[in-house]
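Chain by chain, the residues:
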Amino acid sequence: MTNIHNNHLSSFSRRDALALAGAASFVFASAHLGLSSAFAGYSHRQQALNIRLPDQLASQNPIIEGKLPASLRGTYYKNGPALRQGFSRSYKHWFDGDGFIQAFRFNGSNMQHHGQFVHTEKYNAENDAGDYFFDTFSHNWVDSAVARSSDEINVANTNIVHHGDRLMALWEAGSAWQINQENLDSIAKVKWHDDLATAPFSAHPHIDDDGSLWNFGQVPWSQKMILYHINPDGRLNKYNLLDMPNTSMIHDFAITKNFLILLLPPLTWELDRAKNNASFLNAHQWHEDRPVEILIVDKNDLSVLRRHHIPTAFHFHIGSAFEADDGTIELDLCHYKNADIVFNLHLNKGEKNLALPPMNPHHNRVTLSPNRNDGKVTRIHNYANEFPRTASVADSHRSQHSWSIGIDTETGLFRYALGVNLETGKVDQYDYGADCLLEEHIFVADNDRPTMNGIIPGWLIGLHLDLLDGKTKLAVLDAYDLVAGPQAMVTLPYGLPPGLHGNFVSAA
Ligand SMILES: [Fe+2]
């Protein structure tokens, strides 16, 4: 293992790592708000959006309409926040539930589904107590337990990534949790290095051409960011610690051939707010008058090479990134005019016919020239969409296509599967209907067919909750002919709460 011991890293030691955990304890222990479990009304739609799950779920014989592709073989792993069956308390914010891992296992003709909560420290402690009592991303209980480190409130609920023969459930502010690939049992937290125990390892790592993995972790209470480079075998290669005086809420980042690209929105974590009993989310302040700062980091030594600024905006997800020979960088991303969306992602609002707040993120391209410190922002198309995915096996190739889910701007529901030609802006769309709530759709390559003219053949697969019958369904579509509709639809015998991210692991 090679650590980059340069000026600002050399001071980061085991002692500092422990100090980070202690500081986290102070922040979370000092933050308390009044109990709010406000949701009322029990329309069918609302019941569907307040699904609670037992520790494990399994279905042996889901209903399959149409025909699953014979070459679709492997497992679609999926993660997302879920509320616990048997608990009386509830969270309103989408991001607060405990991580529930699902496996959709395809054998070329059939599919089986099973799922299980991640048995984090928080999960086990609250399981013993019979209800929620730890603080979460957006919520503090009046009688919250004192968390001694951010890992005590780690819900491991945001993404699930396979790398280095390790399946990892990921959250924003704590350790990765290793999951058993077969039975989904929680194995242990991943410790990359003694000095990095309990350090945040974010939920959107990126796998490079050589099979190595890059990631970041934000430590707002210490105003630091950790950058990670993990070898293809899953062992830490190097890490670095950046000073981050105005710590922003960063969800995703991008990699190109030579760079890591980090977008810092003007949504900053404020110690004074945290000291004043705000939840972690509400300790953030939006600065309308500040630009987005973009850091271009050198992969070689994990130092900041360039800084750019673009007008005020907020981004959850970056679709793809490409670096030209002259160092010009292009990103495509889902672009919000401000961060209101983060504060309003409530699934249990108690408002009829509204699942999510109206939102209209634009699919934009940001172009960053090495000779300038600003950036050019252009619109790719006019469909409101989120959860962008690409077909590239690695993130450092220029992507020709992007897939995402489109938003019904009247209701806030994710309703459409979208395929976007990134060169022309042309959009291919399938409309699931007004009574469906889609989840992320991902591209799965068809390994039995060759790549033609740079086009990787494959499918788009994704879940949706049918709000009329309360069942969760998985659709398989031709990735390049979405308008034709699903070629197969699998209906589970139960409804699942809307999840976040997942990835497909092809059968060996
Ligand atoms: Fe995400």
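For the structure given in this document, a descriptive report is provided here. In this text, all values refer to a predicted model and were calculated from it rather than measured experimentally. (Residues numbered from 1 in each chain as written. Predicted model: local features only at pLDDT ≥ 70, side-chain atom pairs only at ≥ 80, totals over all residues. Heavy atoms only, no water.)

1. As for the overall build of the protein
Scanning the protein from terminus to terminus reveals 5 helices and 34 strands. Per-residue burial over the protein gives 61% buried out of 508 residues. A separation of at least 24 residues holds for 62% of the contacts in the protein among residues at least 6 apart in sequence. Here the protein displays about 19,300 Å² of accessible surface, and carbon together with sulfur accounts for 47% of that area. (Helix = DSSP H or I, 4+ residues; strand = E, 2+ residues; numbered from the N terminus. Buried < 20%, exposed > 50% of the residue type's maximum accessible area, 1.4 Å probe, protein only. Contact = heavy atoms within 4.5 Å. Areas by Shrake-Rupley, 256 points an atom, 1.4 Å probe, with all protein chains shown as cover.)

2. A short note on the coordination of the iron ion
Looking at the metal site, the iron ion is ligated by His204 (NE2), His251 (NE2), His317 (NE2) and His501 (NE2), spaced 1.9 to 2.1 Å from it. Between the 4 donor atoms coordinating the iron ion, the angles at the centre fall across 93 to 156 degrees, so the site counts as irregular. The motif formed by the donor residues of the iron ion, counted along the single chain, is H-x46-H-x65-H-x183-H. With histidine 204 in the loop between strand S11 (186-189) and strand S12 (206-207) and histidine 317 in strand S22 (residues 314-323), this pair connects stretches of sequence that are 113 residues apart. Under the relative-accessibility criterion, histidine 317 is labelled buried at 6%. (Donors = N, O, S within 2.8 Å, 3.2 Å for Na, K, Ca; no water. Tetrahedral: all angles 85-135°; square planar, octahedral: opposite > 155°, others 65-115°.)

3. Here we look at the nonpolar core
With 88 residues, the main nonpolar core has Phe106, Trp192, Tyr228, Phe314, Val342, Phe414 and Leu474 as its most contacted residues. A total of 6 residues in this core trace back to one element, the largest contributor, which is strand S30 (residues 436-445). (Core = buried A, V, L, I, M, F, W, Y, C linked by side-chain atoms within 4.5 Å.)

4. Brief notes about the sheet that holds strand S15 (residues 236-243)
Taken together, the 4 strands give an open sheet; going across it, the order is S12-S13-S14-S15, and neighbouring strands pair in antiparallel fashion. Bordering the open sheet on either side are S12 and S15, each of which pairs with just one other strand. Summarising the sheet, strand S14 (residues 224-230) and S15 pair through 7 bridges and their orientation is antiparallel. Bridging from a neighbouring strand, methionine 225 pairs with leucine 242 of S15. (Pairing = 2+ DSSP bridges.)

5. Considering the pattern of salt bridges
The final tally for this structure, using the stated rule, is 21 salt bridges. The closest approach of N and O atoms between glutamate 152 and arginine 148, which form a salt bridge, is 2.7 Å. The exposure class of arginine 148 is exposed, given its relative accessible area of 61%. Overlapping salt bridges, with partners in common, bring together Arg84, Asp98, Lys122 and Glu126 in one network. (Salt bridge = Lys/Arg side-chain N within 4 Å of Asp/Glu carboxyl O.)

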